[in-house]
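# Breakdown of the fold
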Amino acid sequence: MKSMTYIEAMNEALAEEMERDPSVFIIGEDVDVDGGVWKETQGLAERFGLERVIGTPISESAFTGLAAGAAMCGLRPVLEFMYMDFVDVAMDQLCNQIAKLPLMSGGKVKMPITIRMCGTGTGTREAAQHSQSLEAWFAHIPGFKVVMPATAKDAKGLLKSAIRDDSPVVFIENRNIYYKKELVPEGEFTVPIGEAEVVQAGSDVTVVTVGYSRSKVIAAIEKIGDACSVELIDAKTVDPLDMKTFLDSLAKTGRILIVQEAHTECGIGSEIVRRVVAEGFDLLDCPPVVIGSKNCPTPFSPVLEDAVIPSINEIMGKIMLLKQYKI
Amino acid sequence: MRVKNKIKETGTAEAVSSIYKRMLTIRRFEERVKQLYRGGEIYGAIHLYIGQEAIAVGVCDALEDSDFVFSTHRGHGHYLAKTGDVSGAMAELMGRATGCSKGHGGSMHMFDPLKGFMGGNGIVGGGIPLALGAAFAAKYKGTNAVSVSFFGEGASNQGTFHESLNLAALKKLPLIAVCENNRYAATTPVKASTADEDMAKRAAGYNVQALTVDGNDVEDVSQAIHKALSHVRAGKGPFLLDCKTYRVEPHCGIIADTRPDEELAIWRTPEKDPLNRLQSQHPDLLTDKQVAHLELEVNRELDQAVDFARQSPYPRVEQFTEEFIR
Ligand SMILES: Cc1ncc(C[n+]2csc(CCOP(=O)(O)OP(=O)(O)O)c2C)c(N)n1
């Protein structure tokens, strides 16, 4: 194992995949200047040339389409949005073109695109247009796979899997953990798309985390201590969902909480609840619970932002509520 | 008192010193913001306007409260130039309930619709169609108002710029598009982002009249905006100003500067500085003594604004919840 940040882990994944496959190229704003604004492409332009590390004008719609057209012709683009919020500008190319062309062409066209959503997150006071977690949009549109790595190891392993996948993969990052050092295995490895991970075994309550909420739940579990035995599962992939892992856990605990940073309404948590009810109704000892951001755009002022995003206290409270629920 | 316009023609001491003071207010405001950001009292994504003051002040000085301004992520200067509300801006940046957006918006989302300031924007190119809509509303209602859209050369590569310009020309809407070409979009130089940086040519493609402006010279900006206003108010359709300038500060709080020192040095010379420039054009109207006096006044106002913001309460969560959470 070696110690590196999420950003460094992605940088390594990009370099290894570009080395392995000459059809892989990177495209996005500022990626060619000094490693981009987040520094994830550091050194890649020097190493692989400006033909493969392509900085663009602020023209998200056009460069997304460029990636799509190139993918139709056998290239393997890694497309980057500086913040997830900016993807809104390119939604036609993503949802009407990229997601649908493989089916509409009768499978004759492939879309091996990795769509990196950088800088996603809350809590850094960047206000309503720089704080959105939009995974549910892409999970809703058939045609995409959607992954949300919450550790440096998964960032590297899932990015490599995404690049090798022949379907478009929406890869949602989190800025809150970009620069934290973590242990990552040395050498070649991938993390499979579609598999959740049981991070910690437990017997009282199942907690499924979506993306960055893993960190908040770990903090909540530490504070709870022996008062509740939590089985912590990191969903990692939100489309397709690894229902088997969730249901196996529910069979032990009978109680399930899902925590996401996105707004609660119509989110991934809702979808997990729908499937838990449909596929594991008999396993439930009490109603499933979802924690997410409150149903309003994210306000700027710290007091307001902290009141609308999931907090460690809220997570602790709900875990204990579930544990204490009388059947 | 607000002294209006045409500094070149009127050339009065009052007009010149009012313009100077407003540019100075923006400069010193931004310097304070930088300090307070470093000290942790201001947070989030902060894009400073230093070096571009002549554009906001030159343009907004010529506008009425009833005219509309749509701003960008780099909007503090636009807000101050259009509204003069130093305290509301400072309180907003500190996330207070007394801020111009009640602390809900922060740096990129300042609002004062009553004074025609229709908001900053976190999405590059996102404000241009909104400005188009305000221009439409003005024509629809038969008012004489114009709608000004500020945007960077980076934003001119978004579809929204092209689509809006075409639509404004087609419908002869009172839109003034003010491009602030500060030579960089984040870390990308204009040469690497914009196939032809002459915005007048882009405007011509949509049958829109345009002027190229020295954006560091407030008199040049002032003359140009008055030409644009007479054209637009006469119902002849949109106008574009292509203001050449330079962003002297790094793009944003968190991003390191990657630009060559020699280039930065050129743009930091007194000849380029919009404040010095105005003073050197009117040495008799803006003596060193008068400038020193304006400095004192501006600093006093800023001290008051910072105190006001610090003493203001944070927004109340209960009230916010009631009003906005569904
Ligand atoms: C749609 C969108 N894409 C990217 C960004 C990130 N971003 C913020 S400001 C900026 C540069 C904008 O350049 P320009 O329009 O020239 O304005 P300037 O910053 O130079 O004032 C970028 C890329 C964004 N906010 N919105």
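Right, let's get into unusual backbone geometry. Trans is the prevailing form of peptide bonds, just as negative phi is the prevailing case for residues other than glycine. Residue Pro240(A) is bonded to the preceding Asp239(A) through a cis peptide linkage, with omega at 0°. Even without glycine at this site, Lys102(B) takes up a positive phi of about 60°. Note on placement: Lys102(B) falls in the loop between α5 (86–93) and α6 (127–141). The phi dihedral of Lys172(B) is positive, around 50°, even though this residue is not glycine. You can see Lys172(B) is positioned in the loop between α7 (159–170) and β3 (175–181). Overall, the relative accessible area of 43% leaves Lys172(B) in the partly exposed class.

Residues and elements named next belong to chain A. The strand order β9-β11-β10-β13-β14 describes an open sheet built from five strands, whose pairing is mixed. The sheet is open, and its two borders are formed by β9 (197–200) and β14 (289–293), each paired with just one other strand. Averaged over all pairs of adjacent strands, the angle between strand axes in this sheet comes to 25°, irrespective of strand direction. Set on the sheet, helix α10 (residues 268–280) makes contact with β10 (205–209), β13 (256–263) and β14; between it and β13 the angle comes to about 150°.

All right, on to the pairing of strand β8 (residues 181–184) of chain A then. Residue and element names in this part refer to chain A. Side chains of β8 alternate between two faces, with Glu182 and Val184 buried and Lys181 and Leu183 left unburied. Relative to β8, strand β1 (residues 2–5) is paired through four bridges, and the arrangement is antiparallel. Pairing of lysine 2 across the sheet is with valine 184, part of β8.

If you look at the biggest cluster of nonpolar residues, it comprises 61 residues, and the most contacted ones within it are Phe29(B), Met90(B), Val148(B), Ile176(B), Val178(B) and Leu241(B). Among the elements that make up this core, the one with the highest residue count is helix α2 (residues 13–38) of chain B (nine residues). Leaving out residues up to four positions away in the same chain, Met90(B) has contacts with Phe29(B), Arg32(B), Leu36(B), Ile42(B), Ala305(B), Val306(B) and Ala309(B). In this structure, Phe25(A), Ala70(A), Met148(A) and Val170(A) belong to the second largest nonpolar core, which totals 49 residues.

Right, let's talk about the domain arrangement of chain A for a bit. Residue and element names in this part refer to chain A. Split into domains, chain A comes out as domain 1 (2–184) and domain 2 (197–324). Using only C-alpha atoms to locate each centre, domain 1 and domain 2 end up separated by 26 Å. Counting from both sides, the interface comprises 25 residues of domain 1 and, opposite them, 24 residues of domain 2. Surface buried jointly by domain 1 and domain 2 totals about 2000 Å² across both partners, of which 56% is contributed by carbon and sulfur atoms. The interface formed by domain 1 and domain 2 includes three salt bridges. In this structure, the salt-bridge partner of glutamate 305 is arginine 125, at a minimum N-O distance of 2.9 Å. At the boundary of domain 1 with domain 2, the tally comes to nine residue pairs in polar contact (both at pLDDT 80 or more). Put simply, the parts of the chain that give the side of domain 1 that touches domain 2 at least two residues each are α6 (135–140), β6 (145–147) and α7 (152–164). Among the elements that make up the side of domain 1 that touches domain 2, the one with the highest residue count is α6 (four residues).

Thresholds applied
- Every chain is numbered independently, its residues counted from 1 as its sequence is written.
- By the order in which they are written, chains take letters starting at A while ligands take numbers starting at 1.
- Residue-level local features of this predicted model are given only where pLDDT is at least 70; pairs of side-chain atoms are given and counted only at 80 or more, and the full residue set underlies all totals for whole chains, interfaces and linings.
- As a convention, hydrogens and water are excluded, and side-chain values are obtained from all of the structure's heavy atoms.
- Secondary structure follows DSSP: runs of H or I at least 4 residues long count as helices, runs of E at least 2 residues long count as strands, and numbering of each begins at the N terminus.
- A simple rule labels every residue: compare its accessible area, found with a 1.4 Å probe on the protein chains alone, to the largest value its type can have, and call it buried under 20%, exposed over 50%, or partly exposed in between.
- Strand pairing requires that DSSP identify at least two bridges connecting the strands.
- Working convention: axes come from line fits to C-alpha atoms, limited for helices to the stretch in contact. Angles between N-to-C directions cover 0 to 180 degrees.
- In what follows, residue pairs with any heavy atoms lying within 4.5 Å of each other are defined as contacts.
- We call a set of buried residues a nonpolar core when its members are Ala, Val, Leu, Ile, Met, Phe, Trp, Tyr or Cys and they connect through side-chain atoms within 4.5 Å of each other.
- For the purposes of this description, domain bounds are those given by an automatic or database domain assignment.
- Summed over both partners, the accessible area (1.4 Å probe) lost when two parts come together is defined as the buried area.
- One side-chain nitrogen of Lys or Arg within 4 Å of one carboxyl oxygen of Asp or Glu is enough to make a salt bridge.
- Under the rule applied, a polar contact is a pair of N or O atoms within 3.5 Å (in protein, one hydrogen donor and one hydrogen acceptor; residues adjacent in sequence only if both atoms are side-chain atoms).

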